[in-house]
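Observations on chain architecture
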Amino acid sequence: MISLKFALLRNSSPGLRKAGWVLGAVLVVATWAAAATAADDAVRRSVLALALALWALGAVLGPVLMSGAGVLRPEHFALLPLSRAAVGRGLLVSAFVGTASGYVLLALLAPTWHAVLLDPATVAVAVVGAVLSWVFVISLSRLTYGLLGAAMRTRLGIEIAGVQFGIMFAAMFAGWMLVSVATRNVSVLLRRGLPEGPVTTALEVFPTSWPLRAVEAAAAGGWGRAAALLLALLVLDAVVVGATVALLVPRSVRTARRRGRPRSASLVAGAGLLPATRTGAVVLKEVRQWRRDPWRALESSTAVWTGVVIGVLALLSVDFAPVAAFSGLIVAFMLALSGCNVYGQDGSAVWLDVVGEDETSVRSDVRGRQWAMVLVFLPRVLVVTVLFLFASGAWWAVPYLLATTAATLGAAAGAAVLTSAVGVSPGVDPRRRTGPNDANGNIALHVWVAILATVLGVLPTAAVVVATARTGSPVLAVLMTVVGVLNGLGAAWLLGAVAAGYLRTRTVDVFSRIRYGRVFHEEAGGGVLDWIARTTLKGEQDMAAAKQEQREDRLQRAGRR
């Protein structure tokens, strides 16, 4: 299992893995440097308690970003002569082998420096505590990732996953606010430590602080108390490991049957709220899919939580508090990323678009998907915007929000459907999805294309916003709102028209890429859209070929044995 894990990781994005190695090494050095430069023993204890808790949080959130925990799946070993418990234990053990888990262990060993300075005889306590903490953190990380996959069948689980993804995206978009505040306060933290309060109390109770408490108890002569703390950590490890192994045991997939009274014909048709046209039918279908499909629901939930987390970070930073008023704009912008692979998420259901295609069906499908995205995201944008307007008190931002939100929603809806049509990437088949990352395949290029298209789409509004901010003219403020609305409608119409024109002769190709991973004719197009399509397809084919080569090499080695 360990060899298979490394083989699969070798076929993942090498640039992302190497960047993770460098970042992990820097964070380990920073952890040890903080322990070495703390002003005194009490400050060192509080600094290490905070650092170790952050490492545990990073280990829990890391697999969501890197998908490392989801590389090996129980169904990979369903046909092997292994018991289910043995597969679960093997999957857990494989999580402890890797560069990331090694970095976590090195960071958790930082309390040994604290032990050396207090009493060298307590170094053994620090080492044993670090190993036990390592088992707890890695097992908790794997358990959390597995629970996210299991919880994707419930609305609560989707929201929990959305919070994690939201924190991840918020850190990527607004991490500079945290860095700015932290840079100014690191020296204060290393001189004075954390102030007494609920945060300090919570850190003391968190299991990663138990080795620190054990070291200090042993240094004070309380070896019995130190042993009790390590024994409690060992018991906690046993509980978490047992729960993780039970979760990782492969299970058969069951489809839950939807229960409830039959829907009326008027309700199925949209209760008269939508036009009785092909576009109206697509809108209703897409709105329901955004609500019922766990992976679509996760995308919209992630957008909301990204805006909320950025707003909270802005308010907490004080210096950037006015930025919180624009949190709803972040939700609108996230529409481009959330919908940049809607065709790929549909899986082989795209066949319905192929068999029902005629001269107007493609346009209706594209426009219906765009309208559905706006209908799904607009209420969320308004709720987050109003919430943080009241929290920040930045009422001066209302005209800017009206203009930029309208422009961003329209441009994002156009960019999302265009990117999805051109660079469709199916990911895991809908019937086999279990983890939160399964619905999307290789979408690294999608993200940049969607961001670039959205930014280009809102340039007219951005120009008027800059002019209004510089002059403060009320006439320009009114004009800015009008330009924003027209910009949003125009960008959505233009990008949607490009997507419909592209799909008009390529709907069959979209299906064949999803179902067979290839296109059954030579693509002669030389434009930007065709380049994006070829690049996406080639990346998936290269990945599939590399995996097949790995399988053949393993079979040959097994045959020689």
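Model, not experiment: these values are computed from the prediction.

**As for the overall build of the protein chain**
Scanning the protein chain from terminus to terminus reveals 24 helices and zero strands. Counting only residues that meet the buried cut, the protein chain has 46% of its 561 residues in that class. Long-range contacts, defined as pairs at least 24 residues apart, comprise 81% of the intrachain contacts of the protein chain with a sequence gap of at least 6. Counting only carbon and sulfur atoms, one obtains 69% of the accessible surface of the protein chain, whose full area is about 27600 Å².

**Brief notes about the pattern of salt bridges**
Overall, the coordinates contain nine salt bridges when judged by the stated rule. For R369, the salt bridge identified is with E286, shortest N-O distance 3.3 Å. Taken together, the positions of R369 in helix α18 (residues 361-392) and E286 in helix α13 (residues 278-292) put the pair 83 residues apart, joining distant regions of the chain. The exposure classification of R369 matches that of E286, with both residues buried. As a salt-bridge pair, D365 and R369 come within 3.0 Å of each other at their nearest N and O atoms.

**Focus on the side chain of E299**
Looking at the secondary structure, you find E299 in helix α14 (residues 294-317). R296 provides the closest opposite charge to the buried, salt-bridge-free E299, at an N-O distance of 7.7 Å. Of the polar contacts made by the side chain of E299, one reaches the side chain of Q345; its length is 3.3 Å.

**Concerning a nonpolar patch on the surface**
Among the surface-exposed residues, V478, L479, V482, V485, L486 and L489 lie close enough to one another that they form a single nonpolar patch of about 540 Å² accessible area. Position of L486 relative to the elements: it lies in helix α22 (residues 474-503). For L486, a relative accessible area of 55% translates into the label exposed.

**Considerations on the packing of aromatic side chains**
Evaluated as defined, the whole model comprises five aromatic pairs. Ring centres of W290 and F377 lie 5.6 Å apart, and the angle between their planes is 85°; on these two criteria the pair is classed as edge-to-face. Of this pair, W290 sits in helix α13 while F377 is found in helix α18, placing the two residues 87 residues apart along the sequence. Pairing F390 with W395 gives two aromatic rings, centres 5.0 Å apart and planes at 90°, and the pair type is edge-to-face.

**Topic: helix α23 (residues 507-516)**
Counting buried positions over the 10 residues of α23 gives seven, a clear majority of the element. Looking only at α23, the buried set comprises T507, D509, V510, F511, S512, R513 and I514. Just downstream of α23, G517 is the residue with a positive phi angle, here 70°.

**A word on the environment of L352**
In this fold, L352 is placed in helix α17 (residues 351-355). Each C-alpha atom, one on L352 and one on F511, is 9.6 Å from the other, the two residues being 159 residues apart in sequence.

**Side note on the confidence of the model for the protein chain**
Looking at the protein chain as a whole, its pLDDT mean stands at 79, while 74% of the residues score no less than 70. Per-element confidence in the protein chain ranges from a low mean pLDDT of 50 for helix α12 (residues 265-268) to a high of 93 for helix α19 (residues 398-422). Taken as a whole, residues 252-257 scores under 50 in pLDDT and shows one contact with residues more than four places along the chain or in a different chain.

**Topic: the packing of helix α21 (residues 459-471) against α22**
One way to put it is that α21 packs onto α22 with a least axis distance of 9 Å and a crossing angle of 170°. It follows that α21 is roughly antiparallel to α22 by the angle criterion. Every residue of α22 that contacts α21 at L459, P460, T461, V464, V465, A467, T468 and T471 is listed here: L476, A477, M480, V483, G484 and N487. Here the residues of the contact of α21 with α22 sort into nine nonpolar, five polar and no charged.

**Focus: the environment of S141**
Note on placement: S141 falls in helix α7 (residues 123-151). With relative accessibility at 9%, the residue S141 sits in the buried group. For the pair S141 and A59, spaced 82 residues apart in sequence, the C-alpha separation works out to 5.7 Å. A polar atom in the side chain of S141 sits 2.6 Å from the backbone oxygen of A59.

**So, the side chain of S338**
Within the secondary structure, S338 is located in helix α15 (residues 327-338). Looking at S338, the relative accessible area reads 3%, which means it is buried. One polar contact links the side chain of S338 to the main-chain carbonyl oxygen of E299, over a distance of 3.3 Å.

**Structural notes on the nonpolar core**
As a rule of thumb, nonpolar side chains are buried together in soluble globular proteins. Of all hydrophobic cores here, the largest spans 57 residues; its most connected members are V331, L335, Y343, V366, M373, F377 and L503. Here the element with the most residues in this core is α19; it accounts for nine residues. Leaving out residues up to four positions away in the same chain, L335 has contacts with M373, F377, L409, A412, A413 and A416. Grouped together as the second largest cluster of nonpolar side chains are 26 residues, W55, F96, Y103 and V245 included.

Rules used throughout
Residues numbered from 1 in each chain as written. Predicted model: local features only at pLDDT ≥ 70, side-chain atom pairs only at ≥ 80, totals over all residues. Heavy atoms only, no water. Helix = DSSP H or I, 4+ residues; strand = E, 2+ residues; numbered from the N terminus. Buried < 20%, exposed > 50% of the residue type's maximum accessible area, 1.4 Å probe, protein only. Contact = heavy atoms within 4.5 Å. Areas by Shrake-Rupley, 256 points an atom, 1.4 Å probe, with all protein chains shown as cover. Salt bridge = Lys/Arg side-chain N within 4 Å of Asp/Glu carboxyl O. Lys, Arg positive; Asp, Glu negative; His and termini not counted. Polar contact = N/O pair within 3.5 Å; in protein donor to acceptor, adjacent residues only side chain to side chain. Patch = residues over 30% accessible without salt bridge, like charges linked within 9 Å, V, L, I, M, F, W, Y side chains within 5 Å. Phe/Tyr/Trp six-rings, centres within 6.5 Å; stacked < 30°, edge-to-face > 60°. pLDDT = per-residue confidence, 0-100. Axes fitted to C-alpha atoms, helices over the stretch in contact; angles between N-to-C directions. Parallel < 35°, antiparallel > 145°, perpendicular 65-115°, else oblique. Nonpolar A, V, L, I, M, F, W, Y, C, P; charged D, E, K, R; others polar. Core = buried A, V, L, I, M, F, W, Y, C linked by side-chain atoms within 4.5 Å.

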